[in-house]
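# Secondary and tertiary structure notes
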Amino acid sequence: MQKRFIPILILAVMVLLAAQGPLWGQDNRSKWLKGTEGKPIDIVSDRLDAYREKDLVQFTGNVVATQGERVIKSDTLHLYFKKKAEGKGAAAGDAAKAGDIDRIVAKGNVRITEKERIVTGDQAVYNNDEQRIVVTGNPVMREGNNVVTGDRVVVLLNENRGVVEGATGKRVTATIYPDESKRKKNKE
């Protein structure tokens, strides 16, 4: 049993070292963690599984990913990396992108926090190429006492804006405390 475990452990370490650039926030194309460039991403979980053939690293059990002031907590976190360019028809730029983060999927009791901002839901999907985060499964956005809920929350990072969508029969709701917004501006 122990002889089987050592090669699996070595493979997991090799995958993490091969993907060190994207995992440690050194990839300039990954703007999701804007304002935290150069800071490491620390991920803690009960278990790590690395699948080289799938370009996937899976963290399971009480996952906490931290970079700067941003924290993502979830039951599982999957890091999908871009496939390596193959064949003669592959563009030269595609080879440079191999190993970059393609998408991140957090599932189960998802909680994303940054300072006073908190977004919760059942699932969050970050797409690197589109620079978009989609939170589904009873998503709730909070900042202080202000609360916005809907069927789906979409954060468009390049545009520095978000969209909360309702579903058929379920409308978007917002509870805003104007006095709290004034106090926040006065602090700045």
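Criteria and cut-off values
Residues numbered from 1 in each chain as written. Predicted model: local features only at pLDDT ≥ 70, side-chain atom pairs only at ≥ 80, totals over all residues. Heavy atoms only, no water. Helix = DSSP H or I, 4+ residues; strand = E, 2+ residues; numbered from the N terminus. Buried < 20%, exposed > 50% of the residue type's maximum accessible area, 1.4 Å probe, protein only. Contact = heavy atoms within 4.5 Å. Phe/Tyr/Trp six-rings, centres within 6.5 Å; stacked < 30°, edge-to-face > 60°. Lys NZ or Arg CZ within 6 Å of the ring centre and 35° of its normal. Pairing = 2+ DSSP bridges. Salt bridge = Lys/Arg side-chain N within 4 Å of Asp/Glu carboxyl O. Core = buried A, V, L, I, M, F, W, Y, C linked by side-chain atoms within 4.5 Å.

A tally of regular secondary structure across the chain gives four helices and 12 strands. Counting the 188 residues in the chain, one finds 34% classified as buried. In the chain, 42% of the contacts between residues at least 6 apart in sequence involve partners at least 24 apart.

Across all of its chains, the model carries zero aromatic pairs by this definition. In this arrangement the basic side chain of Lys-54 is found over the ring face of Tyr-51, its NZ or CZ atom lying 5.0 Å from the centre. Against the face of Tyr-80 rests Arg-103, its NZ or CZ located 3.9 Å from the ring centre.

In this structure, Glu-143 sits in strand β8 (residues 140–143). Distance in space between the C-alpha atoms of Glu-143 and Thr-113 is 9.8 Å, their sequence separation being 30 residues.

A word on the pairing of strand β10 (residues 152–156). Bridge count for strand β7 (residues 132–136) against β10 is five bridges, and the pairing is antiparallel. Directly across from Arg-132, in β10, lies its bridge partner Leu-156. With antiparallel pairing between neighbouring strands as the criterion, β10 and strand β11 (residues 161–165) make up a hairpin whose turn holds four residues, including Asn-160 at a positive phi of roughly 50°.

Turning our eyes to something else, we now look at unusual backbone geometry. Here the phi dihedral of Asn-109 falls at roughly 50°; this positive angle occurs in a residue that is not glycine. Counting through the fold element by element, Asn-109 comes out in strand β5 (residues 101–114). One non-glycine residue, Gln-131, adopts positive backbone phi at about 50°. Given the relative accessible area of 3%, Gln-131 is considered buried.

Moving on, we get to the pattern of salt bridges. The tally for this structure, following the rule as stated, stands at 10 salt bridges. The shortest N-O distance in the salt bridge between Asp-102 and Arg-103 comes to 3.3 Å. Taking relative accessible area as the criterion, Asp-102 reaches 22% and is therefore assigned partly exposed.

Attention now moves to the environment of Ile-118. Turning to its location among the elements, Ile-118 is positioned in strand β6 (residues 117–127). When sequence neighbours within four positions are dropped, the list of residues in contact with Ile-118 reads Arg-111, Ile-112, Thr-113, Val-140, Met-141 and Arg-142.

Grouped together as the largest cluster of nonpolar side chains are 20 residues, with contacts concentrated most on Phe-59, Leu-77, Leu-79, Ile-104 and Val-135. Elements represented by at least two residues in this core include exactly β3 (56–67), β4 (70–81), β5, β6 and β7. Ranked by residues supplied to this core, first place goes to β5 with five residues.

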